[in-house]
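For reference, the chains in residue letters:
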Amino acid sequence: LRVFQTLNGHIDPRFMSGKLAFFVRRCEQQYRKYVNTPSNSTEAFGILSESRRRALEDVGFSRDMFDEPRTRSTGHRSSWEERYQELRNFRDANGHCLVPKKYGSL
C-alpha cells in the first residue's frame, strides 16, 4: 500500500485492482468503524489496533477522508462545491448533465 501511495499519490481503491483494492476497502471499513465508535465503548476494543491505525494514517487515512469524493487526476478529495461547479460548466458547454464516463475530471 505504501508503494502504491508513493507511486500514485493516493490510496483510493476505485483506482486499484485485485488484492490491493480488496485490502484497502477492508481497511477503510475497519477505519471508518473505528472512527465512528466512541472510544469509551466496549465495541471500540478490537476494531483496529493502535499500530494498524497509525500505519493507515501514515499512508493517508484520516477522519475526514470519507467526506468528499476523490478525483482520479489529482488524488485529492474535491469539495462538493468544486464538483458541482464542474457539472455546471459541463452543462453550460453541452446543454445537458448526461456526463459520459470517458469525460475526464468530472
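Refer to the preceding data block for the structure.
Here's what I pulled together on the structure shown here.

Procedures and definitions
Residues numbered from 1 in each chain as written. Predicted model: local features only at pLDDT ≥ 70, side-chain atom pairs only at ≥ 80, totals over all residues. Heavy atoms only, no water. Helix = DSSP H or I, 4+ residues; strand = E, 2+ residues; numbered from the N terminus. Contact = heavy atoms within 4.5 Å. Areas by Shrake-Rupley, 256 points an atom, 1.4 Å probe, with all protein chains shown as cover. Core = buried A, V, L, I, M, F, W, Y, C linked by side-chain atoms within 4.5 Å. Buried < 20%, exposed > 50% of the residue type's maximum accessible area, 1.4 Å probe, protein only. Phe/Tyr/Trp six-rings, centres within 6.5 Å; stacked < 30°, edge-to-face > 60°.

### Description of the overall build of the protein
Across its full length, the protein holds four helices and zero strands. Taken from the N to the C terminus, the helices and strands of the protein come in the order α-α-α-α. A sequence separation of at least 24 residues applies to 34% of the contacts in the protein between residues at least 6 apart. Total accessible area computed for the protein in this model is approximately 7,800 Å², and 50% of it derives from carbon and sulfur atoms.

### Topic: the nonpolar core
One finds I11, M16, Y31, L48, L56 and F61 to be the most contacted residues of the largest nonpolar core, which totals 14 residues. The greatest single-element share of this core, amounting to five residues, is contributed by helix 2 (residues 18–36).

### Quick look at the packing of aromatic side chains
Within the structure shown, the criterion is met by two aromatic pairs. Here Y31 and F61 contribute two aromatic rings whose centre-to-centre distance is 5.5 Å and whose plane-to-plane angle is 70°, an arrangement assigned as edge-to-face. Of the two residues, Y31 is situated in helix 2 and F61 in the loop between helix 3 (50–58) and helix 4 (80–94); the sequence distance between them amounts to 30 residues. The exposure class assigned to F61 is buried, which follows from its relative accessible area of 3%. Here a set of aromatic residues connected by ring pairs shows up, and it is made of Y31, Y34 and F61.

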